[in-house]
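Here are the chains, one letter per residue:
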Amino acid sequence: MRLHVVDHPLVAHKLSTLRDERTDSPTFRRLTDELVTLLAYEATRNVRTEPVEVTTPVAVTTGTRLSHPRPLVVPILRAGLGMLDGMTRLLPTAEVGFLGMVRNEETLEASTYATRMPDDLSGRQVFVLDPMLATGGTLVAAVRMLLERGATDVTGVVLLAAPEGVAVVEKELADQPVKIVTAALDERLNEHGYIVPGLGDAGDRLYGTAG
Ligand SMILES: O=P(O)(O)OC[C@H]1O[C@H](OP(=O)(O)OP(=O)(O)O)[C@H](O)[C@@H]1O
Ligand SMILES: O=c1cc[nH]c(=O)[nH]1
Ligand SMILES: [Mg+2]
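Read on for a plain summary of the structure.

Cut-offs and rules
- Residues numbered from 1 in each chain as written.
- Chains lettered and ligands numbered in written order.
- Predicted model: local features only at pLDDT ≥ 70, side-chain atom pairs only at ≥ 80, totals over all residues.
- Heavy atoms only, no water.
- Helix = DSSP H or I, 4+ residues; strand = E, 2+ residues; numbered from the N terminus.
- Buried < 20%, exposed > 50% of the residue type's maximum accessible area, 1.4 Å probe, protein only.
- Patch = residues over 30% accessible without salt bridge, like charges linked within 9 Å, V, L, I, M, F, W, Y side chains within 5 Å.
- Areas by Shrake-Rupley, 256 points an atom, 1.4 Å probe, with all protein chains shown as cover.
- Salt bridge = Lys/Arg side-chain N within 4 Å of Asp/Glu carboxyl O.
- Near = heavy atom within 4 Å.
- Polar contact = N/O pair within 3.5 Å; in protein donor to acceptor, adjacent residues only side chain to side chain.
- Nonpolar A, V, L, I, M, F, W, Y, C, P; charged D, E, K, R; others polar.
- Axes fitted to C-alpha atoms, helices over the stretch in contact; angles between N-to-C directions.
- Parallel < 35°, antiparallel > 145°, perpendicular 65-115°, else oblique.
- Left-handed = near helix turned anticlockwise from the far one by under 90°.
- Contact = heavy atoms within 4.5 Å.

1. A look at unusual backbone geometry
No. 1: Here the amide bond leading from His-68 into Pro-69 is cis, since omega sits at -5°, within 30 degrees of zero.
No. 2: You can see Pro-69 is positioned in the loop between β3 (60-66) and β4 (72-77).
No. 3: Unlike most non-glycine residues, Leu-108 shows phi in positive territory, near 65°.
No. 4: Relative to the elements of secondary structure, Leu-108 occurs in the loop between β6 (98-103) and β7 (110-116).
No. 5: Since its relative accessible area comes to 21%, Leu-108 is described here as partly exposed.
No. 6: The residue Asp-175 is not glycine, and still its phi comes out positive at about 65°.
No. 7: With respect to the helices and strands, the residue Asp-175 is situated in the loop between α5 (163-172) and β11 (178-185).
No. 8: Under the relative-accessibility criterion, Asp-175 is labelled exposed at 78%.

What follows is the structure, given as structure tokens:
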């Protein structure tokens, strides 16, 4: 498993506003959208391409286009939905699958309540979207399911990661073709499994009462 923390002043600036408890839901949604496009730039560095002939007004040249099989983008509902538009804007040929997962706030165990994606992912590159990597339970379960269906490589695109969760992904998915791209690696988890300093509950801040 490879971890990439995107170190860029625009990412740091937008993330700081996202963390601020005074940021309301509409602004939170917009910043999430903007951040995912910056993370996607890094996350898609190895997306498959093929050469294509292009006729410019001046000459014929060889360009590049995204190739088949099409990448699959999988937002983890609910909070991951806030990252979908930004990702598909950069990856227009992508197919989109859906995974509904929720973490039990007492036991911190993740469970799956909805799955809508191709059964056969042989040879597919997959991008999993979820703003928060906390204990890692959700991401590990999601990635396992994608690898079982034959995905060739899986990239988790997250806004914030906790060191504890990264360690769990590293242990549980050792030697698997998995990469994580995050805007920041935070300090730790608190006793409720929340990321510190974090940004609170991403799903509530995206889709809860607008502040
Ligand atoms: O790394 P973990 O400890 O598994 O926690 C992270 C998960 O928790 C949050 O989802 P939540 O269960 O709150 O669902 P929601 O998106 O519907 O709010 C978050 O969006 C992740 O999916
Ligand atoms: O800090 C956290 C941890 C899990 N889920 C969230 O939304 N926030
Ligand atoms: Mg939530």
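2. Re a nonpolar patch on the surface
No. 1: The grouping of Leu-3, Val-5 and Leu-185 at the surface amounts to a nonpolar patch, some 210 Å² of accessible area in total.
No. 2: Mapped onto the fold, Leu-3 is located in strand β1 (residues 2-5).
No. 3: On the accessibility criterion, Leu-3 (32% relative accessible area) is partly exposed.

3. Thoughts on the site of ligand 2
No. 1: Neighbouring residues of ligand 2: Arg-103, Met-132, Ala-134, Gly-193, Tyr-194, Ile-195, Gly-200, Asp-201 and Ala-202.
No. 2: Here an oxygen atom of ligand 2 and a backbone polar atom of Ile-195 are 2.8 Å apart.
No. 3: One of the backbone N or O atoms of Ala-202 is found 2.8 Å from an oxygen atom in ligand 2.
No. 4: Coverage of ligand 2 by the protein chains reaches 88% of its 240 Å² of free accessible surface.
No. 5: Residues that form the shell around ligand 2 fall into these classes: 5 nonpolar, 2 polar and 2 charged.

4. Description of the packing of helix α1 (residues 9-19) against helix α2 (residues 25-43)
No. 1: Interaxial distance between α1 and α2 falls to 10 Å at its minimum, and their mutual angle equals 155°. With respect to α2, the axis of α1 lies roughly antiparallel. For the crossing formed where α1 meets α2, the hand is left-handed. Here Leu-10, Val-11, Lys-14, Leu-15, Thr-17 and Leu-18 of α1 come into contact with α2, specifically with Phe-28, Leu-31, Thr-32, Glu-34, Leu-35 and Leu-38.
No. 2: Residue classes in the contact of α1 with α2 are distributed as 8 nonpolar, 2 polar and 2 charged.

On their own, these measurements won't tell you what the molecule is for.
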